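# Structural characterization, general
So the chains spell out like this:
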Amino acid sequence: MKAQALETADIEVFSEAVTHFFETTCGEKAQVRTAFLLDARAPLPWGDFNGIVEASGGYSGRICFSAPRSLLSHLLLRMGQADFSDEQHLDIVGEIANIFSGRARRHFGDRLCISPPRTFAGSAGAAALAASATHSPPFAIPLCWNGYEASLVVQLDALV
Amino acid sequence: MTPSLMIVDDSMVIRNRIARLCQDARLPALDIVGTASNGLGALSLARLHRPSLITMDLTMPLMDGEECIERIAGELPEARILVVSALSDKMTALRAIRKGAHGFIRKPFNDDQLVDALLELMN
């Protein structure tokens, strides 16, 4: 089986998932910036909390949402939560990674199998992506919502 | 008799949000009899409380939602199950319905979408 990197149309699906999430959940659009490939010259400033979903089935790789505490706290507040513990922040960052990945199945179909999210505080997401050097380089989709910066990082290969 | 509801989702934030929305004035009073973070826990709780309504996530550890729906539908055919999932492809929705779910709502959802889906489930 051969691994095939994503194309531009595939990447746009993730940008649309970001826009759709903030619009539906908060009634506000997030600004989604141009996606770029992550490498040693363009490292990602990892956020305080990271949610990672592993892909399997007809795809291999992972989808990671990385965000600062401030963005997630604001989001929890908008979702009617009153608990702002680390546990809640890890929960919501994982759930967002899950929602972005699930939304991508509109485009990729059910050959894209996704795991329940794993969550990390700090820069553990970087280690998870660096450990998978057999995949195509990950790309990042930077976004800004209410002045907070965050990123969706996708490292996904189609198995053909 | 007050309808009983069980909420199944691996996200605590989502479980809390659904529980809060169940107090919406448009809905009749609902008795939340249990919450579970995976399909296995949901199956045990369903056997114990026999809820009339269930909101069910699909992507969960230990036992996923599809298997849980199939087993609950087999044991408690009177329970009405609303899938609340991020999986947005049509095949997933069709499979869940075939296995015994009565409705499907995609995450992310807004307040009105969830309340409307619960109302439809009860009617």
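To continue, consider the nonpolar core. In this structure, Phe 14 and Phe 65 of chain A together with Ile 72 of chain B are the most contacted members of the largest nonpolar core, which totals 83 residues. Apart from the residues within four sequence positions on either side, Phe 14 of chain A is in contact with Leu 6, Ile 63, Phe 100, Ala 104, Phe 108, Phe 139, Ile 141, Leu 152, Val 154 and Leu 156 of chain A. In terms of nonpolar packing, the next biggest core, distinct from the first, is built from seven residues, Leu 38, Leu 44, Cys 64 and Ala 140 of chain A among them.

The next point concerns the environment of Arg 26 of chain B. Residue and element names in this part refer to chain B. With respect to the helices and strands, the residue Arg 26 is situated in the loop between helix 1 (12-21) and strand 2 (31-36). Counting along the chain gives 86 residues from Arg 26 to Asp 112, while the straight-line C-alpha distance between them is 9.9 Å. Setting aside residues up to four positions removed in sequence, Arg 26 forms contacts with Asp 112, Val 115, Asp 116 and Leu 119. Of the polar contacts made by the side chain of Arg 26, one reaches the side chain of Asp 112; its length is 3.0 Å. Engagement of the side chain of Arg 26 in a polar contact is seen with the side chain of Asp 116, the distance being 3.2 Å.

Across chain A, pLDDT averages 90, with 91% of residues at or above 70. Element-level pLDDT for chain A is lowest in helix 4 (residues 124-130) of chain A, with a mean of 63, against a maximum mean of 97 in helix 2 (residues 69-78) of chain A.

About the cut-offs
- Residues numbered from 1 in each chain as written.
- Chains lettered and ligands numbered in written order.
- Predicted model: local features only at pLDDT ≥ 70, side-chain atom pairs only at ≥ 80, totals over all residues.
- Heavy atoms only, no water.
- Core = buried A, V, L, I, M, F, W, Y, C linked by side-chain atoms within 4.5 Å.
- Buried < 20%, exposed > 50% of the residue type's maximum accessible area, 1.4 Å probe, protein only.
- Contact = heavy atoms within 4.5 Å.
- Helix = DSSP H or I, 4+ residues; strand = E, 2+ residues; numbered from the N terminus.
- Polar contact = N/O pair within 3.5 Å; in protein donor to acceptor, adjacent residues only side chain to side chain.
- pLDDT = per-residue confidence, 0-100.

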